[in-house]
Amino acid sequence: MPDLALLALIMVAMLAGYLLGRAEKKKKKEHFPEQPLSKEYFVGLNYLLNEQTDEAIETFIKALDLNNDTVDTYLALGSLFCRRGEVDKSIRVHQDLLARPSLTPLQSIRVQLELAKDYMTAGLFDRAEAMLVDLSRQNHEYRVDALQQLLRIYEREKEWPQAVEITESLRKLCGEDYAPRLAHLYCEIAEDKLRLNDRSGARKYIRAAYSRDKNCVRASLILGRMEMEEGRDRDAIKALQKVSYQDNRYVPLTLDMLETVCHRSDQQRALGSYLAKCLNEKPGTAIILAMTAQLMNSRGEVSAMDFLTGQLRRQPSLRGLNALMNIQLNYPSEPSLTSIKLLKEVTDQMLVSKPVYQCFSCGFAGKEMHWHCPGCHEWGTLAPVQGVEGE
Ligand SMILES: [Zn+2]
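Residues numbered from 1 in each chain as written. Predicted model: local features only at pLDDT ≥ 70, side-chain atom pairs only at ≥ 80, totals over all residues. Heavy atoms only, no water.

### What about the overall build of the chain?
- In terms of regular secondary structure, the chain is built from 19 helices and three strands.
- Split into buried and exposed, the 391 residues of the chain put 44% on the buried side.
- A fraction of 51% describes how many contacts in the chain between residues 6 or more apart in sequence connect residues 24 or more apart.
- Element-wise, carbon and sulfur atoms account for 52% of the exposed surface of the chain, whose accessible area totals about 21,100 Å². (Helix = DSSP H or I, 4+ residues; strand = E, 2+ residues; numbered from the N terminus. Buried < 20%, exposed > 50% of the residue type's maximum accessible area, 1.4 Å probe, protein only. Contact = heavy atoms within 4.5 Å. Areas by Shrake-Rupley, 256 points an atom, 1.4 Å probe, with all protein chains shown as cover.)

So, in structure tokens, the structure goes:
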């Protein structure tokens, strides 16, 4: 039983804490009579041996004598409950600890931080927020922890302006690690502004995103779409092509918009050479397919098929194969139609079930692009899936 093993560990820690505490008192030459291990310790041990874990814990909590070592034991006990999904018990441990008058101010801050985590786990965000706002305004060595937890709440609740405020403080305290995250938060605000049709507000926040992270792909995508919608094709192309040197893994996300804009402003040739440059720098199926579509328009299906076949030999992919069969079906020149149809059916099915985007931090995968991973809540960790079945 893993729970019992963990509890046994806690017990050993308590015993160690107790013995250390005793040794400490001896060292200080304070006069204390030799104390045997408390009665509760053995009562608790007995419960534990009988697998009555709840009673065992209850007894140990009562037996704990408060000093530096036992505060750690309490905190370990609390996080053990939290991991087992018993948040109510964790809350009780931490509240009980907070009620002790002998707690030092710094110990009290540590316990409050843990209690705030409990409240978050229990979904009591308002309570957690109130505690953390208070803790983050004081000056102490756990201020960064408090700010980080508060940030998690605001991100989860999609309260972007508050999240920005906290992240700006963290950036000042911890440095530029927070810059890409800030850029994402500014992008979230820009998207909110766009939904309210406040386009100048959106532009202001896109500029803020770039000011924090000049390689913010997302800002370029939002800006590109805005310019496209507002009919400024040259600016749209400029913003979208920026992605190729910001982070070329995300070029596939720009291609639909680029095709639309280049088509309507008669810049197909410029698009062709841009795609060739991208293919050279980072070969990928989306780029190959965009180039194939271009060749279809400008030189016809034979050139397009030749190009695609050549690329597929170098870089086989399901989507490429699928596109090739599509062309062959639309322009049949061979008698082997039946087998091609069959192959196409199979690949169609496979493509429907395949995730398109994947988080490289936690592996979360899906068909929709998320900038804020639903799995691990990291920012900017999802990207188009690579390999034979992806890009
Ligand atoms: Zn993730």
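### With respect to the UniProt feature "binding site: Fe cation" (unreviewed entry) in the chain
- UniProt annotation of "binding site: Fe cation" (unreviewed entry) refers to Cys359, Cys362, Cys373 and Cys376 when read in the numbering used here. Taken together, the annotated residues stretch across 18 residues yet fold into one region, lying no more than 8.7 Å apart by C-alpha.
- Along the chain, Cys373 falls in the loop between strand E2 (365-366) and strand E3 (382-384).
- Dropping the residues within four chain positions of it, Cys373 is found in contact with Cys359, Cys362, Phe364, Glu378, Thr381 and Leu382.
- Its place among the elements puts Cys376 in the loop between E2 and E3.
- Here Cys376 falls in the partly exposed class, since its relative accessible area comes to 23%.
- Filtering out sequence-adjacent residues up to four positions away, Cys376 remains in contact with Cys359, Ser361, Cys362 and Thr381. (UniProt positions renumbered as here; feature names shortened; annotations may be inferred.)

### Digging into the coordination of the zinc ion
- Taken together, the protein donors to the zinc ion comprise Cys359 (SG), Cys362 (SG), Cys373 (SG) and Cys376 (SG), at separations of 2.3 to 2.4 Å.
- Given four donor atoms and angles of 104 to 113° at the metal, the environment of the zinc ion is assigned as tetrahedral.
- Assessed through its relative accessible area of 1%, Cys373 is described here as buried. (Donors = N, O, S within 2.8 Å, 3.2 Å for Na, K, Ca; no water. Tetrahedral: all angles 85-135°; square planar, octahedral: opposite > 155°, others 65-115°.)

### What to know about the side chain of Ser220
- Relative to the elements of secondary structure, Ser220 occurs in helix H12 (residues 217-229).
- Overall, Ser220 belongs to the buried group, its relative accessible area being 0%.
- Only 2.7 Å separates the side chain of Ser220 from the side chain of Gln246, close enough to count as a polar contact.
- Ignoring anything within four residues of it in the chain, the contact list for Ser220 reads Tyr210, Ala239, Leu240, Lys242, Val243 and Gln246. (Polar contact = N/O pair within 3.5 Å; in protein donor to acceptor, adjacent residues only side chain to side chain.)

### Description of the environment of Ala130
- As for its position among the elements, Ala130 is in helix H7 (residues 125-137).
- Classification of Ala130 by relative accessible area gives exposed; the value is 51%.

### What to know about unusual backbone geometry
- Positive phi, normally seen in glycine, also occurs at Lys158, with a value near 55°.
- Taking relative accessible area as the criterion, Lys158 reaches 57% and is therefore assigned exposed.
- A positive phi angle, near 60°, is found at Asn197, a position not held by glycine.
- Along the chain, Asn197 falls in the loop between helix H10 (179-195) and helix H11 (199-212).

### Concerning the pattern of salt bridges
- Following the criterion strictly, the structure yields 20 salt bridges and no others.
- Notably, a salt bridge pairs Arg181 with Glu155, separated by 3.0 Å at the nearest N-O pair. Of the two residues, Arg181 sits in helix H10 while Glu155 sits in helix H8 (residues 143-156), which places them 26 residues apart along the sequence.
- Take Glu155: its relative accessible area is 4%, and that puts it in the buried class.
- A salt bridge links Glu191 to Arg218; the shortest N-O distance between them is 3.2 Å. Within this pair, whereas Glu191 is found in helix H10, its partner Arg218 is found in helix H12, the two being separated by 27 residues in sequence. (Salt bridge = Lys/Arg side-chain N within 4 Å of Asp/Glu carboxyl O.)

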